[in-house]
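Structural overview
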There are 2 protein chains.
Amino acid sequence: MLYFNEMATVKKKKKTDGAEEKILSAARKLFTEKGFDAVKTRDIAKEAGINLALLNYYFRSKENLFVIIMKENMAKFMEVITKIVDNEETSLEQKIEVLVANYIDILSVNPDMPLFVIRNSRIDDQRMKMRGKFMNSYFMEQVQDSIKKGKIENINPANLILNIVGLTIFPFVAHRMFQSANGFTQKEFNELMQERKKLIPKWIEAMLKVK
Amino acid sequence: MLYFNEMATVKKKKKTDGAEEKILSAARKLFTEKGFDAVKTRDIAKEAGINLALLNYYFRSKENLFVIIMKENMAKFMEVITKIVDNEETSLEQKIEVLVANYIDILSVNPDMPLFVIRNSRIDDQRMKMRGKFMNSYFMEQVQDSIKKGKIENINPANLILNIVGLTIFPFVAHRMFQSANGFTQKEFNELMQERKKLIPKWIEAMLKVK
DNA sequence: TTTTGATTTAAACAAATGATTAAATCATTT
DNA sequence: AAATGATTTAATCATTTGTTTAAATCAAAA
């Protein structure tokens, strides 16, 4: 006479429903928003609606939890970038276009990510991989090729990357600078970013023609 | 029979020589380098070679000391920008050139300043002023004028500023990203910035021709 | 020389914060 | 139902950190 109950109670041992997940969500939100130092373990516990000790029970420490979120964020980013940059089917121009569009789309949803990454120099290895991915990509081959063929001017690859990434990311880094008081509203800011999505590739192209 | 002594002992009551100044210097260095949270009052005291309590004796609190440094930094920046941007004697192109060159020169000496400013959203009023200075400057008048005369394409002023500032400042923000391990040395980085000093104005000009 | 007021110090306080502990609770198995 | 092992809690610990206090020191004035 237990089989009814057995079907109903599929969940095995779960008092606080998905406590581990709730902690991860809370940590993800708070860390990404405020950075490591500004977030207290008690904030995370409160946001997750769980007891403080649970945080240390599931994840060994605050640091550990942070690293998990950090890697998660970076992986998400890297996956998108790699896919674009190593694509052998698209032209240089198309890559820049897609790259910028993807960056801006991700950042529009996650506007605090760049500051988060910059603020926390704890985990460098991920960023290093990013740099490597860029420099050794098919994208870079295409750049060298275009220079050789005289389609674009000779440009330092570092400058090209700095320009693409800088033009795209910087507004999000400076974010609050352009919102406070007589500045921009969130809506205006987002509209501006959508406008830049179209413009940045054109600007980059124009740059590549500069002698 | 006191006049000899009066001349010799010009310094009035100074045991720890210039303690106040030493605290300011230490705070300036540490705050600019690491930001508010990462610097402990004990760090400052140690760096200044003074007793911890002196910090609270001369400056009421850590926060107060920080605000002083912050305003100092912003004022230095603002002074340069204002002078350039309101100059009625120089052309638009010259302004961009001088603006970029000055930014890069200041930042080359003070590479941690942008991160410092971004990291500490405590004092917003200064940055607001900066924005105002830009938007209501003679520089902006010249932009509008050039657009009217068809010398440059119609561009959203916000975009123009974001591009100039972004291209110039972003490398310093991403600083460490481009240095660790197989990245850049300090020397290489500085050389790259010097190169950009010449290139950014050209890039901006090219942008301004994009339809 | 004594007094006075500014400067400096060592010590302590109080709050915040990351982590741990020991006991309680609950679902499942025996 | 009792035992078991995972989950959860309240309470506590230990450290860090900004600040204060009370006393000591020192230079100048009286």
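Residues numbered from 1 in each chain as written. Chains lettered and ligands numbered in written order. Predicted model: local features only at pLDDT ≥ 70, side-chain atom pairs only at ≥ 80, totals over all residues. Heavy atoms only, no water.

We now examine the overall build of chain A. Helix and strand content of chain A: eleven helices and zero strands. Burial statistics for chain A: of 211 residues in total, 47% are counted as buried. Across chain A, contacts joining residues at least 24 apart in sequence account for 72% of those joining residues at least 6 apart. (Helix = DSSP H or I, 4+ residues; strand = E, 2+ residues; numbered from the N terminus. Buried < 20%, exposed > 50% of the residue type's maximum accessible area, 1.4 Å probe, protein only. Contact = heavy atoms within 4.5 Å.)

Residues and elements named next belong to chain B. With respect to the secondary-structure elements, T168 resides in helix 10 (residues 157–174). The exposure class assigned to T168 is buried, which follows from its relative accessible area of 2%. From its side chain, T168 meets the backbone oxygen of I164 in a polar contact 2.6 Å long. Setting aside chain neighbours within four positions, we find T168 in contact with V100, Y103, I104, L107 and I200. (Polar contact = N/O pair within 3.5 Å; in protein donor to acceptor, adjacent residues only side chain to side chain.)

With respect to the helices and strands, the residue S137 of chain A is situated in the loop between helix 8 (124–135) and helix 9 (138–148). If sequence neighbours within four positions are ignored, S137 of chain A has contacts with V85 and D86 of chain A.

Of all hydrophobic cores here, the largest spans 115 residues; its most connected members are F139 and I204 of chain A together with F31, I44, L65, F139 and I204 of chain B. Contact partners of I204 of chain B, with chain neighbours within four places excluded, come to I96, L160, N163, I164 and L167 of chain B. Core analysis: the second largest hydrophobic core is formed by 22 residues, A19, V39, A45 and M70 of chain A among them. (Core = buried A, V, L, I, M, F, W, Y, C linked by side-chain atoms within 4.5 Å.)

The next subject is the environment of G150 of chain A. Checked against the element boundaries, G150 of chain A lands in the loop between helix 9 and helix 10 (157–174). In this structure, the C-alpha to C-alpha distance between G150 of chain A and K209 of chain A, residues 59 residues apart in sequence, is 9.7 Å.

Moving on, we come to the confidence of the model for chain A. All names here are of chain A. Within chain A, residue pLDDT values average 84, and 83% of them lie at 70 or more. Confidence scores differ between elements of chain A, with helix 1 (residues 3–8) showing the lowest mean pLDDT of 31 and helix 3 (residues 41–48) the highest of 96. The low-confidence segment residues 1–16 (pLDDT under 50) makes two contacts with residues lying over four places distant or belonging to another chain. (pLDDT = per-residue confidence, 0-100.)

Turning next to helix 10 of chain B. Each α-helix turn comprises 3.6 residues. Residues three or four places apart therefore point the same way. All names here are of chain B. Spanning 18 residues, helix 10 covers 25 Å between terminal C-alpha atoms, matching the ideal 26 Å at 1.5 Å per step. At G166, helix 10 shows its maximal kink, close to 40°. Summarising burial for helix 10: 18 of the 18 residues are buried, a large majority. In this structure N156 caps helix 10, since a side-chain oxygen of it lies 2.9 Å from the backbone nitrogen of A158. (Expected span 1.5 Å × (residues − 1). Bend = angle between axes of the 7 residues up to and from the residue.)

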